[in-house]
Amino acid sequence: MAASRRRHATPGRISRVGRQAVPRPRVIMALLLLLGLVCMMLLDGYLRAEIGDDQRVRTGASADSVPAEVLEGGPILSFPGGTARTQSVPDKTIVLTFDDGPDPEWSGKVMDILDENDVPGTFFLVGSMVARYPDVVRRMVDEGNEVGVHTFTHVDLSYQSEARVKREIAQTQLALAGAAGITTTLFRAPYSSKTDAIDDYSWPVYERLGAMGYTSVFIDTDSEDWQRPGVSKIVKWATPEDGEGASVLFHDAGGDRSETLAALPEYIKKMKAKGYTFTTVSGAQQQAGADGEDADAAAPPGPVQDGGAQGDSAQAAHRKADTASVWEGRALLAAVTVAEWTVPGLATMLGVVGVAVLGRFGLMLLLARRHHRQRNRRRFTWGPEVTGPVTVIVPAYNEKECIAATLNSLAASTHPIEILVVDDGSTDGTAEIAESLGLPNVRVIRQENAGKPAALNNGVRQARHDIVVMMDGDTVFEPDAVHQLVQPFADAGIGAVAGNAKVGNRSTMIGAWQHIEYVMGFNLDRRMYDLLRCMPTIPGAIGAFRRQAVLEAGGMSEDTLAEDTDITIALHRAGWRVVYAEHARAWTEAPASLGQLWRQRYRWSYGTMQALWKHRRSVTDRGPSGRFGRVGMPLVVLFQIVTPVFAPLIDVFTVYAMVFVDFRASLLAWLAILAVQLLCAAYAFRLDREKYRYLLMMPLQQLAYRQLMYLVLIHSCVTAATGGRLRWQKLKRTGEVGTPHVGAS
């Protein structure tokens, strides 16, 4: 691809180039899109307990600070007036409680059974599940059941900070407000059981929650249905002794609850036959108050910020959520819905992209090997040797640092050439330097600054030979580069040839990264495209064309920033074949700073999008144009735009998985992908006889350089999508790439 230049431009949308610089807001938009995705992933991970998950469960702690009357009291604990009070469930009364829901499969079936038997239940809900399945919660409330808080992420609160405890409760209340328009005063701690299990670590949590107006609910009997012991044991373990009332624990989520569903109707019928009635926690409190227990303890308190209690005594713990809480809750549910669809959808898409990338690697290796063996056979020939003179066009704008090395390398050419230096309005004496060298067969053509396409077109018109070689003013050729480059023109069907551009300033880290990219791109990508007959780009650094083919295509167009891609696609559509000459080597000066690299690659990627958009109708064309449109165009779009756009997501998912899911497995997966890329790079280096030591930079390239390229491409996509315009830019040159030795690497 050609080096960036300052250029005049014509107005337009994506298919035209403007002089106006891309505004900063588009960069910010690209970053915001990535930030939004990260937030969606974090939210989804938090809901699935992948983030902030704490599976510690405290056992065996002492209870010295817990009042004896609490340890020996009933399962309903409140703090009226700041004093701990417990209540028992009245005799012959059952409070059916269900933990860990809501669940989209099991909770509804549990409610069906309760409805069929005309009994209510009290459901202690996990906030993250409420946010994911709000419809189930609405049904619970609408059908007269009572709900309570079971934290947001189902953690043992005795291990958590006071701030984390408050956050767990507040987030669950917010989810309830969004789902059903209510909050609740009931609370049950995860991993809790009877009051005699309260210890010195959990007791302060209950005290703080009591001060906030919450009633903590424990159990009298545990069905232990989570163990799936069988229906008969579930019924037996849930049954209280001697007509006593009981708060009974079942589960409506957290695994296979088929045994719970089978045991529940049998249990209800058994207890009714014994004369038991069923109620909610609030209902049991009301009955206890009517029987003469402490009225303050019987009255369900509540957080002061909530509205009044619901009218139904069975749902007395419910409070009408204020308007702000309702809308905040709905916003939470909306965000969760987006995350629930976005993250799995992206994960699926990334799986498809991953398979496509691996398939591409496999195809590249296969076709690159075939290409190398085919073109390097002793008997391989394009036809009669091409020995006639050709014209080399050197467009130059302010290339005083490089022009002498460029022309001296051409003067050493083993092939007869005419050299045209088209000075595009340089202000640094480039033309004078070219003339002062006194080299034979060199003509300097001056023109006002009109852009690189205009300079190339001027050179094509002035050329005296049928084959023209185009190069950049900062590039140097190996002595036999031109001869190797023009040999394919022995085949009358070939209209253009791509040479092998190599990074000359590879001694720096940035240069080494680009060196790896160039070797892989030219040695694997271009070999694959050559055999598939859909080469998308003749590099601006080294490429050759039939002069007549260029003129018939309308010359180098100013419609896009990637005039080399534009003319290459135009030649394909005109029926010409474009091939790759691996032994025609040129050495170019790659950007030496991240800023210059960003500007160059931004122009490349944006220009490629413009060229593809310009030639989009080739997809429906017939003949050679349609062949490129239906083979080359999809490959370029998939592997140069779509895949790189989604590639950052792969890295984001990988980092996320390393931090929150399974570090070892995620690291091994990343290393496996790196190994595949390293294998491809090593093979490309072998084909081009490059030194393998540069591959030591590849892991760091994947971590740093690749991310920069992703951001550049995303920036280009945002610019294209918003109709932005981009000006030509001149990169700063050092002239450090000198005349190469033959076969230097």
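Above this note sits the structure.
Given the structure is predicted, the values throughout are model-derived calculations rather than measurements.

What counts and how
What you see as residue numbers is a count from 1 along each chain, following the sequence as written. Given that this is a predicted model, residues contribute local features only at a pLDDT of at least 70 and side-chain atom pairs are listed and counted only at 80 or more, while totals for whole chains, interfaces and linings are drawn from all residues. With hydrogens and water stripped out, all remaining heavy atoms of the structure feed into the side-chain values. A carboxyl oxygen of Asp or Glu within 4 Å of a side-chain nitrogen of Lys or Arg is what we treat as a salt bridge. Segments assigned H or I by DSSP are reported as helices when at least four residues long, segments assigned E as strands when at least two residues long, and all are numbered from the N terminus. A 1.4 Å probe rolled over the protein chains alone gives each residue an accessible area, and that area as a share of the maximum for its type sets the label: buried under 20%, exposed over 50%, partly exposed in between. Note on geometry: axes are lines fitted to C-alpha atoms, helical ones only across the stretch in contact, with angles between N-to-C directions running from 0 to 180 degrees. Any angle that is under 35 degrees is reported as roughly parallel, and any over 145 degrees as roughly antiparallel; angles of 65 to 115 degrees are reported as roughly perpendicular and all others as oblique. Note on convention: the crossing is left-handed when the near helix lies turned anticlockwise from the far helix by less than a right angle, right-handed when the turn is clockwise. Working rule for contacts: check all heavy atoms of both residues, and any pair within 4.5 Å makes them a contact. Only Asp, Glu, Lys and Arg are considered charged, only Ala, Val, Leu, Ile, Met, Phe, Trp, Tyr, Cys and Pro nonpolar, and every remaining residue, Gly among them, polar. Note on pairing: two strands pair once DSSP finds at least 2 bridges between them. Buried Ala, Val, Leu, Ile, Met, Phe, Trp, Tyr and Cys residues form a nonpolar core when they are joined through side-chain atoms within 4.5 Å. In this context, the arc is that of the directions from the helix axis out to the C-beta atoms. Note on aromatic contacts: the rings of Phe and Tyr and the six-membered ring of Trp form a pair at centre separations within 6.5 Å, being stacked when their planes are under 30 degrees apart, edge-to-face when over 60 apart, and tilted otherwise. Each ring is checked for a lysine NZ or an arginine CZ that lies within 6 Å of its centre and within 35 degrees of its normal; such an atom marks a charge sitting over the ring. For patch building, the residue pool is restricted to those with more than 30% relative accessible area and no salt bridge; the joining distance is 9 Å between like charges and 5 Å between nonpolar side chains (Val, Leu, Ile, Met, Phe, Trp, Tyr). Shrake-Rupley sampling with a 1.4 Å probe provides the accessible areas, and residues are treated as covered by the protein chains on show and by no other component. Counting rule for charge: Lys and Arg are taken as positive, Asp and Glu as negative, and neither His nor the chain ends is counted. For charged residues, the charge sits on one atom: NZ in Lys, CZ in Arg, CG in Asp, CD in Glu.

A. Inspection of the pattern of salt bridges at higher detail. In total, this model carries 24 salt bridges according to the counting rule given. The closest approach of N and O atoms between Glu690 and Arg506, which form a salt bridge, is 2.9 Å. With Glu690 in the loop between helix 22 (663–687) and helix 23 (698–721) and Arg506 in the loop between strand 18 (494–503) and helix 17 (509–532), this residue pair connects regions lying 184 residues apart in the sequence. Taken individually, Glu690 and Arg506 each receive the classification buried, so the pair is uniform in this respect.

B. Local environment of the packing of helix 3 (residues 106–116) against helix 9 (residues 258–273). Look at helix 3 against helix 9: their axes get within 10 Å of each other, and the N-to-C directions meet at 15°. Here helix 3 is positioned roughly parallel relative to helix 9, judged by the angle of their axes. Crossing geometry of helix 3 relative to helix 9 is assigned as right-handed. On helix 9, the residues that touch Trp106, Lys109, Val110, Ile113 and Leu114 of helix 3 are Ser258, Leu261, Leu264, Pro265 and Ile268. Here the residues of the contact of helix 3 with helix 9 sort into eight nonpolar, one polar and one charged.

C. Region of the structure containing the sheet that holds strand 19 (residues 542–546). Strand order in this open sheet of eight strands is 15-14-13-16-19-18-20-17, and the pairing throughout is mixed. Every interior strand has two partners, whereas the edge strands, strand 15 (442–447) and strand 17 (475–477), have only one. Across the sheet, the mean angle from the axis of one strand to that of its neighbour is 30°, orientation sign disregarded. Bridge count for strand 14 (residues 417–424) against strand 15 is six bridges, and the pairing is parallel. Its bridge partner lying in strand 15, Val422 is registered against Ile445.

D. Layout of the nonpolar core. Counting 97 residues, the largest nonpolar core has Leu410, Val469, Phe477 and Phe545 as the members making the most contacts within it. Among all residues touching Phe545, those that are not within four sequence positions of it are Asp466, Ile467, Val468, Met470, Phe489, Gly495, Ala496, Ile538, Val550, Ile567 and Leu571. Val110, Phe123, Val136 and Phe250 belong to the second-largest nonpolar core, a separate cluster that totals 41 residues.

E. Fine view of helix 7 (residues 203–211). Of all the positions in helix 7, only Trp203, Val205, Tyr206, Leu209 and Gly210 are classed as buried. Within helix 7, the buried residues cover an arc of 160° as seen down the axis, which keeps them to one side. The secondary structure elements touched by the buried residues of helix 7 are helix 2 (68–71), strand 1 (76–78), helix 6 (162–180), strand 7 (186–187) and strand 8 (215–217). Positive phi appears at Gly213, one or two residues downstream of helix 7, with a value of about 100°.

F. Just unusual backbone geometry, in detail. Looking along the chain, the bond that leaves Gly101 and enters Pro102 is cis, with omega of 0°. The residue Pro102 is located in the loop between strand 3 (93–101) and helix 3 in this model. Despite not being glycine, Lys92 shows a phi value in the positive range, around 60°. Along the chain, Lys92 turns up in the loop between strand 2 (85–87) and strand 3. In this structure, Arg689 takes a positive phi of about 55° despite not being glycine. Structurally, the position occupied by Arg689 is in the loop between helix 22 and helix 23. The exposure class of Arg689 is exposed, given its relative accessible area of 70%.

G. Quick peek at the packing of aromatic side chains. This model, assessed by the stated rule, comprises seven aromatic pairs. Centre to centre, the rings of Phe98 and Phe123 are 5.0 Å apart; their planes meet at 20°, and the pair counts as stacked. Placement of Phe98 in strand 3 and of Phe123 in strand 4 (residues 122–125) is noted, with a sequence separation of 25 residues between them. For the residue pair Phe98 and Phe123, the accessibility class agrees, reading buried in each case. Grouping aromatic residues by their ring pairs yields a cluster made of Phe98, Phe123, Phe250 and Tyr267. Just above the ring of Trp327 sits the side chain of Arg330; from NZ or CZ to the centre is 4.8 Å. Lying across the ring of Trp613, Arg616 places its NZ or CZ 4.2 Å from the centre.

H. Layout of a negative patch on the surface. A cluster of like negative charges, contributed by Asp91, Glu241, Asp242 and Glu244, occupies part of the molecular surface. With respect to the helices and strands, Glu241 occurs in the loop between helix 8 (231–238) and strand 10 (246–251). Here Glu241 falls in the exposed class, since its relative accessible area comes to 59%.

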